[in-house]
Amino acid sequence: ISQKDYDKAKSILPQLDKKIILIGGGSGTCKSELAYCIQKLLYDRKKSSFCISLDDYYHVAPIFRNENRKKQGLECVGINEIDWESLQRIYEDFNNQREIHFKRTHRFLDAIEHNTIESDFEYLIFEGLYANYLRKFESNNVSIFLEGNPSQTLEFRKMRGKENEQDSR
């Protein structure tokens, strides 16, 4: 987490008049870092928050995703890879102050952890590539889109081991 991430969060904090925050953008745009910084700044102000990562809501587990994409082709890549039904339920449960059932995907265990949390926190943050798509369920939220360029995305993917330069596909 860099000072730049905290500075960005500090500039956004005064605009948080809504209880649901959507943080979207491409790979390498620091969505997760921004979500963390917002949560930390809210905590420092005695405000509670909870973050849902869209990475936990892909239909195909991370360890199989690239292989699945290669088999299925480019038409399978995109917004339809996400379990929007579960995310919409979380959205609605938070708005209706019901307990929230959520999951965490453990990348290196090929396992999914299912959890429940009371929705007695003040802010719900969704972060991930397609997070802003959740506006279609309700527009009464703060929607943040972090822009990046293709070279930033490629550099980030290389750093995370998501790119294989030997792979021609």
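Residues numbered from 1 in each chain as written. Predicted model: local features only at pLDDT ≥ 70, side-chain atom pairs only at ≥ 80, totals over all residues. Heavy atoms only, no water.

## Focus: the pattern of salt bridges
Scanning the model with the defined rule gives seven salt bridges in all. For D44, the salt bridge goes to K40, with nearest N and O atoms at 2.7 Å. Note that D44 and K40 are positioned in helix α2 (residues 31-44) at a spacing of four residues, about one turn of the helix. For D44, a relative accessible area of 40% gives the class partly exposed. (Salt bridge = Lys/Arg side-chain N within 4 Å of Asp/Glu carboxyl O. Helix = DSSP H or I, 4+ residues; strand = E, 2+ residues; numbered from the N terminus. Buried < 20%, exposed > 50% of the residue type's maximum accessible area, 1.4 Å probe, protein only.)

## Description of the packing of aromatic side chains
Scanning the model with the defined rule gives five aromatic pairs in all. Taking the centre distance of 5.4 Å and the plane angle of 35° together, the rings of F50 and F121 count as tilted. Of this pair, F50 sits in strand β2 (residues 49-53) while F121 sits in the loop between β4 (111-117) and β5 (123-127), and the two are 71 residues apart along the sequence. In this structure F121 comes out as buried when scored by relative accessible area, which is 9%. Look at Y91 and F126: their rings are 5.9 Å apart centre to centre, the planes differ by 25°, and that puts the pair in the stacked class. Linking Y91 in helix α4 (residues 84-95) with F126 in strand β5, this pair joins segments that are 35 residues apart in sequence. Among the aromatic residues, ring-to-ring pairing joins F50, F94, F102 and F121 into one connected group. Lying across the ring of Y123, K19 places its NZ or CZ 4.6 Å from the centre. (Phe/Tyr/Trp six-rings, centres within 6.5 Å; stacked < 30°, edge-to-face > 60°. Lys NZ or Arg CZ within 6 Å of the ring centre and 35° of its normal.)

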